[in-house]
Amino acid sequence: MAASSESILDHIPLFAKELLAGGLAGGFAKTVVAPLERLKILFQTRRTEFRSAGLSGSVRRIAKTEGLLGFYRGNGASVARIIPYAGLHFMSYEEYRRLIMQAFPNVWKGPTLDLMAGSLSGGTAVLFTYPLDLIRTKLAYQIVSPTKLNVSGMVNNEQVYRGIRDCLSKTYKEGGIRGLYRGVELLC
């Protein structure tokens, strides 16, 4: 029997390879910067508690109250969002670029083509993944452990979510599809 020089990758369509490559790269990158992303969100939203403590004080506070995993709070949702976002963005950019060049063979293949394909792919990726971005932000915004919840799932009159599924479910129950896309109009 002769050995085949074909691999499994040779049988995967190009768009699927692009989707996978973009998703894996995005997920890896988000995980590497997750601690900085969490601190950024807390600085932006929890002014009195974190801004006054500064960077080193905030790092100590998270380490003391939440442990090492506290730096990754919301990262699961962030990765769950970035994998499809980056994958869709990368894949759709290439697809839009090919479609534009097929539809308009005389189009200038420089920055204008890249701008058009990039704009379309960015919009596509955002529309498909916006609910996951909302969930990521809600989870990263939390600063308490789910073990400190009262019976109604609240701490100091603030909703606390137990994870991605819980946050997604509660957000959907509160506002349906519109609730999952709350704030998207600001992007348009």
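Right, let's walk through the structure included here. (Residues numbered from 1 in each chain as written. Predicted model: local features only at pLDDT ≥ 70, side-chain atom pairs only at ≥ 80, totals over all residues. Heavy atoms only, no water.)

1. Let's talk about the environment of Ala140
Part 1 of the argument: With respect to the helices, strands and loops of the structure, Ala140 is situated in helix α6 (residues 111-141).
Part 2 of the argument: The spacing of Ala140 and Asn75 is 65 residues in sequence and 7.7 Å in space, taken between C-alpha atoms.
Part 3 of the argument: Every residue in contact with Ala140, bar those within four places of it in the chain, is listed here: Arg38, Ile41, Leu42, Arg73 and Gly74. (Helix = DSSP H or I, 4+ residues; strand = E, 2+ residues; numbered from the N terminus. Contact = heavy atoms within 4.5 Å.)

2. Some thoughts on the pattern of salt bridges
Side-chain pairing between opposite charges can occur once the charged atoms of the two side chains come close.
Part 1 of the argument: Counting across every chain of the model gives 11 salt bridges.
Part 2 of the argument: A salt bridge links Lys40 to Glu37; the shortest N-O distance between them is 3.3 Å. Placement of the pair is Lys40 and Glu37 together in helix α2 (residues 34-45), with a separation of three residues, close to one helical turn.
Part 3 of the argument: Judged by relative accessible area, Lys40 falls into the partly exposed class, the value being 37%.
Part 4 of the argument: Between Arg98 and Glu95 there is a salt bridge; the shortest N-O distance is 2.6 Å. Placement of the pair is Arg98 and Glu95 together in helix α5 (residues 75-103), with a separation of three residues, close to one helical turn.
Part 5 of the argument: Through salt bridges with shared partners, a single ionic network connects Lys30, Glu37, Lys40, Arg81, Asp133 and Arg136. (Salt bridge = Lys/Arg side-chain N within 4 Å of Asp/Glu carboxyl O. Buried < 20%, exposed > 50% of the residue type's maximum accessible area, 1.4 Å probe, protein only.)

3. A few points about helix α7 (residues 164-180)
Residue pairs three or four apart in sequence face the same way in an α-helix, which turns once every 3.6 residues.
Part 1 of the argument: Here α7 is 17 residues long, yet its end C-alpha atoms lie only 13 Å apart, well below the 24 Å a rise of 1.5 Å per residue gives.
Part 2 of the argument: Most pronounced at Glu174, the bend in α7 amounts to some 100 degrees.
Part 3 of the argument: Considered for burial, the residues of α7 that qualify are Cys167, Thr171, Gly176, Gly179 and Leu180.
Part 4 of the argument: Where α7 is buried, its residues meet α6. (Expected span 1.5 Å × (residues − 1). Bend = angle between axes of the 7 residues up to and from the residue.)

4. Some details on the packing of α2 against α6
Part 1 of the argument: One way to put it is that α2 packs onto α6 with a least axis distance of 9 Å and a crossing angle of 80 degrees. As summarised for this structure, α2 and α6 are arranged roughly perpendicular, according to the angle between their axes. When α2 is examined against α6, the residues Glu37, Arg38, Ile41, Leu42 and Thr45 are found in contact with a partner set consisting of Arg136, Ala140 and Tyr141.
Part 2 of the argument: Classifying every residue of the contact of α2 with α6 gives four nonpolar, one polar and three charged. (Axes fitted to C-alpha atoms, helices over the stretch in contact; angles between N-to-C directions. Parallel < 35°, antiparallel > 145°, perpendicular 65-115°, else oblique. Nonpolar A, V, L, I, M, F, W, Y, C, P; charged D, E, K, R; others polar.)

5. A closer look at the packing of aromatic side chains
Part 1 of the argument: Under the defined criterion, the tally for this structure stands at one aromatic pair.
Part 2 of the argument: The ring of Tyr85 carries the charged tip of Arg81 above its face, separated from the ring centre by 5.4 Å. (Phe/Tyr/Trp six-rings, centres within 6.5 Å; stacked < 30°, edge-to-face > 60°. Lys NZ or Arg CZ within 6 Å of the ring centre and 35° of its normal.)

6. Considerations on helix α4 (residues 54-66)
Part 1 of the argument: If you check α4, its first and last C-alpha atoms are 17 Å apart, about what 13 residues at 1.5 Å a residue would give, namely 18 Å.
Part 2 of the argument: Residues of α4 that are buried: Gly57, Ser58, Ile62 and Glu66. The buried residues of α4 occupy an angular sector of 135 degrees when the element is viewed end-on, so they sit on one face. Exposed and facing more than 90 degrees away from the buried side of α4 are Arg60 and Lys64. (Arc of directions from axis to C-beta.)

7. A word on the packing of α5 against α6
Part 1 of the argument: Relative orientation of the contacting elements α5 and α6 amounts to 165 degrees, with a least axis distance of 7 Å. It follows from the interaxial angle that α5 and α6 lie roughly antiparallel. When the axes of α5 and α6 are compared, the crossing they make is right-handed.
Part 2 of the argument: Residues belonging to the contact of α5 with α6 are distributed by class as follows: 19 nonpolar, eight polar and five charged. (Left-handed = near helix turned anticlockwise from the far one by under 90°.)

8. Topic: the side chain of Arg136
Part 1 of the argument: Relative to the helices and strands, Arg136 is located in helix α6.
Part 2 of the argument: Its relative accessible area of 10% is what places Arg136 among the buried residues.
Part 3 of the argument: A polar contact of 2.9 Å, which involves the side chain of Arg136, links it to the side chain of Asp133.
Part 4 of the argument: Beyond its immediate chain neighbours, meaning those up to four positions away, Arg136 contacts Glu37, Ile41, Gly74, Ala77, Ser78 and Arg81. (Polar contact = N/O pair within 3.5 Å; in protein donor to acceptor, adjacent residues only side chain to side chain.)

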